[in-house]
Structure formats: structure tokens, C-alpha cells
Amino acid sequence: MAIRKKSTKSPPVLSHEFVLQNHADIVSCVAMVFLLGLMFEITAKASIIFVTLQYNVTLPATEEQATESASLYYYGIKDLATVFFYMLVAIIIHAVIQEYMLDKINRRMHFSKTKHSKFNESGQLSAFYLFACVWGTFILISENYISDPTILWRAYPHNLMTDLVQWWECHREMGKAVVEELFKGAQILYGMITQRFQMKFFYISQLAYWLHAFPELYFQKTKKEDIPRQLVYIGLYLFHIAGAYLLNLNHLGLVLLVLHYFVEFLFHISRLFYFSNEKYQKGFSLWAVLFVFGRLLTLILSVLTVGFGLARAENQKLDFSTGNFNVLAVRIAVLASICITQAFMMWKFINFQLRRWREHSAFQAPAVKKKPTVTKGRSSKKGTENGVNGTLTSNVADSPRNRKEKSS
């Protein structure tokens, strides 16, 4: 991201510079249109598709425990509209963090252009990783994932009938008429994949955030040489999050995301401290250990869930209506994508550590000073042209001089 310079002259309306300077206000106006649409009966039905989660089924509560009514959700094409709206929200939050937090710190620290862009990147990502990690951990604790890891593969694909049976076992005192009506509705909605509100909203928010990263490349004036790297990791995030959402591997995807986000948060927060004080290196050492541990734990959980848990399930038929993708080909594809991604990340990690080791060793090595040789005529002039401040550069010093042939 380049440093944005505020000019006294206001750019023309709808010009390139105008959009860059006021993109947060423009996006806020677009989001406000959807919110205002909820106030009118004519536009409420269309606006509610963008603002609220769709495809919900509410389970009734008993008279004794009226607060235990549960709303379950499944996915559909309307989720794209919800993802679009929350992508606008992500752009607004991104601009608020940039203007009211990161830009103020940048003015005080006086970073160079390279450090400025990296500081902004780490500042935005560390805030997102912290929020997503805390939110995901809350879902894991509330859904008892930690106490019962078999939830990762048990009762896949968690269809509505399974959830209703489990819910009925906890509410056996309900009347016969209510039970018949309940399971009558279940027959209609049988096979629709259900999730709880927190789980679905978490995935919608993840997709919205990583989709918002594409227009941010334009809004933040990202350098051309940095765009390929940005596109690679944004695409990897979207591929794996959307894959877990569509294949109904929500439980496994949530655990892996929380694990990965925690490690990435530690890296970016360490880089922020490093920019403020270059002597700070302890955070990177801790991150290096947890990064390798996170990759190993990701592979173990993936193989345990997909390779053993789902492979031993009774229902192993491909059925799009019930959302069951538990077949051999899909399991191999899932494990292959996870293993390839982890191998790619380890390869980048090893290259990063080797580069840091070379830079550290070069910094620690004592510099050998050479006395500049003063020669007359053309040789002295040539030395100043090839060198820096009258001394030879490393390339010139290491290379032998070309001998001139004597002219007869």
C-alpha cells in the first residue's frame, strides 16, 4: 500500500483520485441504501435478503424452558447477497481502522515507504485475526467441540432430521400433537443442511472479509509487484473457506481456521512490535515454533476427521439433496488440497527463515574495509564511476579488471 498524500485541491467528482480518497463514504452510502430499504414495506423483502441470514428453520421451545428455542440454518443462492452486503461493511471497517488508528501511528513513527505498507498490512490483518480467533473460540466452547472432538465427523452431514431427533430426545415431555406437527415439517425440510446462527454468520463474515480484499488492492494503491502475492493468499483463503462451507465440513473448517488465525495473529503482531523496535525478535522465534506445530496439528486433524472418521461412516453416498459428499473421491480431494496447501506454506516458511538467517549472518559478519587506490588519469576517473563515494562496489571489487590490448 502506498502512502496517501492529502492535497489541498479537491479532485474532480467521480475521478480516479476522488474514488480513492472517498471510497469509504461511497460504500457507506451504498450500505445505507439497503438499511433504509428495511423501513419501507415495498423494499423490505428485497433488502432483508442482503442484511439478514437466509434459510432458517426455528425449532419451538417447551413451556417449561421457553428460552431454548433454536434457529437452524442451511445455505442457498441467497447467501451471495448477504456476503455482498457484509463485504461492504468490511470495507467500511477497514477504512475506519486505517484512518483512525494506523495512519496516526504512521505519522508518529515516520516509517519508510516499504515499512509503511507492511505496517498497514500487519495492522489490518492482526485486528481481523484477533477478532476471528476470539469469535471462533467462543463458538467452539459453546458447541462443546473441545470436550467432544467426535463432533467433527459424527452424524455428518448434520441434516435437519438428525438435529430434530437430538432436540426431541431433550424434550420428551412435549405433547403428541406438537411432535406430529414438528416431524411433519421435518419431512418437508428433510435433507437441508442446518447450522446454528453463530456458525453460519461466522462463515458469511469470513467470505465477506476475504472478498473485500480484492477491491482494497485498488483502494490502497497496492504496488504491482505485491499484487500477485496478495492474490495467491486471498484465493487460498476463499477456496478453503468456501469449500468447507459448501461441503458441510463446517466443524472441521472452524477448528482449522481458529488454529491458523492464532498463528498468523502472532506473526503480524510480532511484526508490528518489530517495526517499533527492531531489536524485538522473540515474537518471531515463538511464531516459528507454533507455525510448524500448527501445520502438523492441521494435518493430524484433517486425516483423523476425513481419512478415518468420515471413511468409517455408514452413509457414504453422494447425494446433493441431503448435502452428503462423503464419498472416496471427495475425501481424497479434500485431503489433497489440505496437504498441498500445508506443503506450500512450509516451503514459503523455510525460504523465509533461510533469508532471515542469511541477513542475520551478513549483519553479524565483520565488514572488511579496503583502502581506495588512487591512480592517475583515466583509471581514477573510472574508479569513481564504478564505485560509490570513491570506493569500489562489491561487484567491481570481486571481478577481475579487463586488460587492454597493446596497440602496435
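Residues numbered from 1 in each chain as written. Predicted model: local features only at pLDDT ≥ 70, side-chain atom pairs only at ≥ 80, totals over all residues. Heavy atoms only, no water.

### Some remarks on the overall build of the protein
A tally of helices and strands in the protein yields 14 helices and three strands. Classification of the 408 residues of the protein by burial places 39% in the buried group. Counted over contacts in the protein with a minimum sequence separation of 6, partners at least 24 positions apart contribute 73%. Of the accessible surface of the protein, which amounts to about 25700 Å², a share of 64% is contributed by carbon and sulfur atoms. (Helix = DSSP H or I, 4+ residues; strand = E, 2+ residues; numbered from the N terminus. Buried < 20%, exposed > 50% of the residue type's maximum accessible area, 1.4 Å probe, protein only. Contact = heavy atoms within 4.5 Å. Areas by Shrake-Rupley, 256 points an atom, 1.4 Å probe, with all protein chains shown as cover.)

### Some remarks on helix 4 (residues 79–109)
Here helix 4 is 31 residues long and its end C-alpha atoms lie 42 Å apart, about the 45 Å a rise of 1.5 Å per residue gives. Its maximal kink placed at Gln98, helix 4 deviates by approximately 40°. (Expected span 1.5 Å × (residues − 1). Bend = angle between axes of the 7 residues up to and from the residue.)

### What to know about the nonpolar core
In terms of nonpolar packing, the biggest core is built from 57 residues, with Tyr129, Tyr203, Trp210, Leu254 and Tyr261 touching the most fellow members. The set of elements that each furnish at least two residues to this core consists of helix 2 (23–37), helix 4, helix 5 (113–142), helix 8 (197–219), helix 9 (227–246), helix 10 (250–276), helix 11 (282–309) and helix 12 (328–364). It is helix 8 that provides the largest number of residues to this core, a total of 10 residues. The next biggest cluster of nonpolar side chains, apart from the first, holds 10 residues, and it includes Val263, Leu266, Trp287 and Met345. (Core = buried A, V, L, I, M, F, W, Y, C linked by side-chain atoms within 4.5 Å.)

### As for a nonpolar patch on the surface
A grouping of Met32, Leu35, Leu36, Leu38, Met39, Phe40 and Ile48 is seen on the molecular surface, where their side chains present a nonpolar patch of about 660 Å² in accessible area. Considering every element that reaches the nonpolar patch, the biggest residue donor is helix 2, with three residues. In this fold, Met32 is placed in helix 2. (Patch = residues over 30% accessible without salt bridge, like charges linked within 9 Å, V, L, I, M, F, W, Y side chains within 5 Å. Salt bridge = Lys/Arg side-chain N within 4 Å of Asp/Glu carboxyl O.)

### Examining the confidence of the model for the protein
Per-residue pLDDT for the protein has a mean of 80; in total, 75% of the residues score no lower than 70. Across residues 62–66 the pLDDT falls below 50, and counting only partners more than four positions away or on other chains, this stretch makes five contacts in the model. Every residue in residues 377–408 is under pLDDT 50, and counting partners more than four places away or in other chains gives 13 contacts. (pLDDT = per-residue confidence, 0-100.)

### Thoughts on the pattern of salt bridges
For the coordinates displayed, the defined rule picks out six salt bridges. With a closest N to O distance of 3.0 Å, Lys200 and Asp79 form a salt bridge. Highlighted residues: Lys200 in helix 8 and Asp79 in helix 4, separated in sequence by 121 residues. In this structure Lys200 comes out as buried when scored by relative accessible area, which is 0%. Linking Arg229 and Glu121 is a salt bridge whose minimum nitrogen-to-oxygen distance equals 3.3 Å. Here Arg229 is found in helix 9, whereas its partner Glu121 is found in helix 5, with 108 residues between them in sequence. Through salt bridges with shared partners, a single network forms among Glu121, Arg229 and Arg271.

### Considerations on unusual backbone geometry
Generally, phi is negative for residues other than glycine and the peptide bonds are trans, each holding for most cases. Positive phi outside glycine occurs at His110, with the angle close to 55°. Topologically, His110 is positioned in the loop between helix 4 and helix 5. The phi dihedral of Lys221 falls on the positive side, at around 55°, and the residue is not glycine. One can find Lys221 in the loop between helix 8 and helix 9. A relative accessible area of 29% places Lys221 in the partly exposed class.

### Description of the packing of helix 9 against helix 10
Remark: helix 9 packs on helix 10, axes separated minimally by 8 Å, with the N-to-C direction vectors making an angle of 150°. Considering the angle they form, helix 9 stands roughly antiparallel to helix 10. With respect to the hand of their crossing, helix 9 and helix 10 are arranged in left-handed fashion. The segment helix 9 lies against helix 10, with Tyr237, Ile241, Ala244 and Tyr245 engaging Asn250, Gly253, Leu257, His260, Tyr261 and Glu264. Taken together, the residues that form the contact of helix 9 with helix 10 break down as six nonpolar, three polar and one charged. (Axes fitted to C-alpha atoms, helices over the stretch in contact; angles between N-to-C directions. Parallel < 35°, antiparallel > 145°, perpendicular 65-115°, else oblique. Left-handed = near helix turned anticlockwise from the far one by under 90°. Nonpolar A, V, L, I, M, F, W, Y, C, P; charged D, E, K, R; others polar.)

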